[in-house]
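# Structure at a glance
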Amino acid sequence: MTRIAEGVFWVGATDWTRRDFHGYTTRRGTTYNSYLILDEKKALIDTVQSPHFQELLARVKELVDPGEIDYLVSLHVEPDHSGSLSQVLALCPRAQLVTVERHGEQGLQKYYQQKLPLMTVKEGSTLSLGKRSLSFFPTPMLHWPDNMLAFLSPDAILFSSDAFGQHLASSGRFDDQADMSVVMDEAAKYYANIILPFPTQVARALEKTRALNPKVIAPAHGVMWRGHIPQILDAYGRWSRGETRPRAMVVYDTMWHSTEAMALAVVEGIENEGVEVSLHSLATSDSSDIVAELLETRALAVGCPILNNNLLPRMAGFLAYLKGLRPRGRIGAAFGSFGWGGATAVKAIKEDLTLAGLEVLEDELAVRFAPTQEELQACRLLGQKLAQRVKG
Ligand SMILES: [Fe+2]
Ligand SMILES: [Fe+2]
């Protein structure tokens with residue numbers, strides 16, 4: 001249990017060993033943040049994923065008899081936050097379950113398939129707790145249609161759900177108790193892998209957050225912000241505007257090292273133009289890490305050979321992930337090797353990059369079996385062309 005302010009506590013769970021959220025690798029674990037407000041009325045904000053229910057319960061019991069809780073506020077239907085809802089409600093006979101109208105109530109009803117003591121709220125709804133009150137601001141598609149912000153007055157604590165979160169297990173509960181380079185790194189990875197498709201919604205939530213001027217921002221995962229609020233708000237501003245740095249990434253997969261040789265030559269071409277570049281093989285780099293790095297990167301070159309008239313499966317998976325995240329406003333390029341048939345993977349890569357929102361260079365750089373010196377030179381030229389676009 002951690003005290004945030006007089007009568008306001010973090011009572012969540014720390015999942016030190018979690019390493020995967022359906023493909024998003026969480027190298028530093030995560031937390032499921034749950035908050036307890038003790039006033040004339042008592043409110044619990046969000047629960048934890050069900051295997052961690054006992055941890056939540058123990059923390060709540062240190063402070064109050066769960067039977068005295070008046071409101072269970074669900075800021076997000078996703079099961080890592082609503083997962084202990086049935087167990088919590090069973091211990092809180094008088095609690096009402098507060099959720100956003102329509103998507104919140106429908107989502108919770110379908111997940112938990114039991115009679116729920118629902119109380120719905122909408123934009124600007126206020127719940128008086130006594131000396132304090134909670135105001136609600138739905139943030140649809142940040143990152144499900146049921147997410148909302150809750151603002152506690154007069155303490156000025158913003159419970160922000162997915163916004164400003166990080167998958168980070170740590171002993172300190174606040175940003176100023178953790179290594180800020182790690183916190184920002186994880187905030188960026190979270191944004192890139194979860195929030196990237198929704199820049200308009202982020203801009204709106206950011207405007208609301210700035211207007212509320214919170215002293216503490218308490219997200220659904222990771223540390224709470226109190227010492228570095230301007231830093232995370234500025235970062236969200238940059239990321240939602242799609243601002244990138246003049247750097248490039250080359251991502252490839254390979255069968256017999258031909259596409260790999262091409263990738264290295266593309267990297268050389270980019271370096272020759274004095275542009276920062278990094279290289280990732282899908283055999284050793286993870287898609288969620290690549291996407292995190294792409295968040296502030298202006299260009300992406302992708303290389304893959306053909307296998308049975310298709311992309312290699314790892315590349316198909318990476319491009320499917322990228323299409324879902326839609327990292328608009330970046331420049332793309334494609335290359336790859338092929339075999340005895342005429343088909344190449346380049347067309348498919350270009351199509352997928354275009355669907356992911358990238359502006360893709362026209363070039364169709366494909367080589368049969370293994371690249372010659374001339375073909376490697378063409379790869380360098382592709383790299384140079386991409387780097388010139390990055391600088392331009
Ligand atoms: Fe979550
Ligand atoms: Fe979520």
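See above for the structure.
Residues numbered from 1 in each chain as written. Chains lettered and ligands numbered in written order. Predicted model: local features only at pLDDT ≥ 70, side-chain atom pairs only at ≥ 80, totals over all residues. Heavy atoms only, no water.

## So, the overall build of the chain
- In terms of helices and strands, the chain carries 12 helices and 24 strands.
- Its C-alpha atoms give the chain principal-axis dimensions of roughly 80 × 40 × 35 Å.
- Relative to its 392 residues, the chain shows a buried fraction of 59%.
- Long-range pairs, those at least 24 residues apart, make up 72% of the contacts in the chain with a sequence separation of at least 6.
- Per element, the accessible surface of the chain, about 15900 Å² overall, is 51% carbon and sulfur.
- Looking at charge distribution, the chain has the averaged site of its 40 positive side-chain charges lying 3 Å from that of its 45 negative ones. (Helix = DSSP H or I, 4+ residues; strand = E, 2+ residues; numbered from the N terminus. Buried < 20%, exposed > 50% of the residue type's maximum accessible area, 1.4 Å probe, protein only. Contact = heavy atoms within 4.5 Å. Areas by Shrake-Rupley, 256 points an atom, 1.4 Å probe, with all protein chains shown as cover. Lys, Arg positive; Asp, Glu negative; His and termini not counted. Charge placed at Lys NZ, Arg CZ, Asp CG, Glu CD.)

## Quick look at the coordination of the iron ion (ligand 2)
- Taken together, H76 (NE2), E78 (OE), H143 (ND1) and D162 (OD) make up the protein donors of the iron ion (ligand 2), found 2.2 to 2.4 Å from the metal.
- For the iron ion (ligand 2), the four donor atoms in the first shell make angles of 81 to 169° at the metal, a pattern classed as irregular.
- Here the donor residues of the iron ion (ligand 2) are spaced in sequence according to H-x1-E-x64-H-x18-D.
- If you look at the iron ion (ligand 2) and the iron ion (ligand 1), they sit 4.3 Å from each other. Taken as a pair, H143 in the loop between strand 13 (133-138) and strand 14 (148-153) and D162 in the loop between strand 15 (157-161) and helix 5 (180-195) lie far apart in primary sequence, 19 residues in all. By the burial criterion, H143 is buried, and D162 matches it. (Donors = N, O, S within 2.8 Å, 3.2 Å for Na, K, Ca; no water. Tetrahedral: all angles 85-135°; square planar, octahedral: opposite > 155°, others 65-115°.)

## Side note on the side chain of K189
- Assignment of secondary structure puts K189 in helix 5.
- What makes K189 buried here is its relative accessible area of 6%.
- Polar side-chain contacts of K189 include one of 2.7 Å to the backbone oxygen of T25.
- The contact partners of K189, leaving out residues within four places of it in the chain, are Y24, T25, R27, S288, D289 and A292. (Polar contact = N/O pair within 3.5 Å; in protein donor to acceptor, adjacent residues only side chain to side chain.)

## So, the pairing of strand 8 (residues 42-45)
- Residues of strand 8 alternate between two faces, with K42 and L44 on one and A43 and I45 on the opposite face, all of them buried.
- Bridge count for strand 7 (residues 35-38) against strand 8 is four bridges, and the pairing is antiparallel. Looking at strand 8, one finds that L38 is bridged to K42.
- Here strand 7 folds back onto strand 8, and the loop between the two strands holds three residues.
- Here strand 8 pairs with strand 9 (residues 71-73) via three bridges, running parallel. Bridge pairing links I45 to V73 in strand 9.
- Chirality of the crossover, the property in question, places the unit of strand 8, helix 1 (residues 53-61) and strand 9 among those that are right-handed. (Pairing = 2+ DSSP bridges. Right-handed = clockwise from strand over helix to strand, strands pointing away.)

## Considering the sheet that holds strand 9
- Read across the open sheet, the seven strands follow the order 1-2-7-8-9-10-11; overall the sheet is mixed. The sheet terminates laterally at strand 1 (2-5) and strand 11 (118-121), the two strands that pair on one side only. On average, each strand axis in the sheet is tilted by 25° relative to the strand beside it, whichever way the strands run.
- The pairing of strand 10 (residues 96-100) with strand 11 spans four bridges and is parallel. Bridging from a neighbouring strand, V100 pairs with V121 of strand 11.
- Strands in contact with helix 4 (residues 103-112) are strand 10 and strand 11; relative to strand 10, the strand with the most contacts, it is inclined by about 125°. (Axes fitted to C-alpha atoms, helices over the stretch in contact; angles between N-to-C directions.)

## Here's the deal with helix 1
- Three or more residues of helix 1 are buried, namely F53, L56, L57, R59 and V60. All buried residues of helix 1 project into a common sector of 165° when viewed along the axis, lining one side. Away from the buried face of helix 1 by more than 90 degrees, exposed residues Q54 and K61 are located.
- In this structure, the buried residues of helix 1 make contact with strand 2 (8-10), strand 3 (13-15), strand 7, strand 8 and helix 3 (85-91). (Arc of directions from axis to C-beta.)

## Observations regarding a nonpolar patch on the surface
- Taken together, M255, W256 and L307 make up a surface patch of nonpolar side chains, about 350 Å² in accessible area.
- Here L307 shows up in strand 20 (residues 306-307).
- Residue classification places L307 among the partly exposed positions, given a relative accessible area of 31%. (Patch = residues over 30% accessible without salt bridge, like charges linked within 9 Å, V, L, I, M, F, W, Y side chains within 5 Å. Salt bridge = Lys/Arg side-chain N within 4 Å of Asp/Glu carboxyl O.)

## Details of helix 4
- Every buried residue of helix 4 is listed here: G104, G107, L108 and Y112. The arc enclosing the buried residues of helix 4, seen along the axis, measures out at 105°, which places them on a common side.
- Packed against the buried residues of helix 4 are helix 2 (79-82), helix 3 and strand 10.

## Here we look at the environment of F9
- Within the fold, F9 resides in strand 2.
- As a C-alpha pair, F9 and H81 span 72 residues in sequence and 17 Å in three-dimensional space.
- In this structure F9 touches M1, T2, R3, I4, S34, Y35, L36, L38 and L63, once residues within four positions along its chain are discounted.

## A word on the pairing of strand 10
- In terms of residue burial, strand 10 counts as a mostly covered element, since four of its five residues are buried.
- Across three bridges, the pairing between strand 9 and strand 10 is parallel. Of the residues in strand 10, the one forming a bridge with L72 is L97.
- Read from strand 10 through helix 4 to strand 11, the crossover connection turns out right-handed.

Read these as spatial facts, not as claims about activity.
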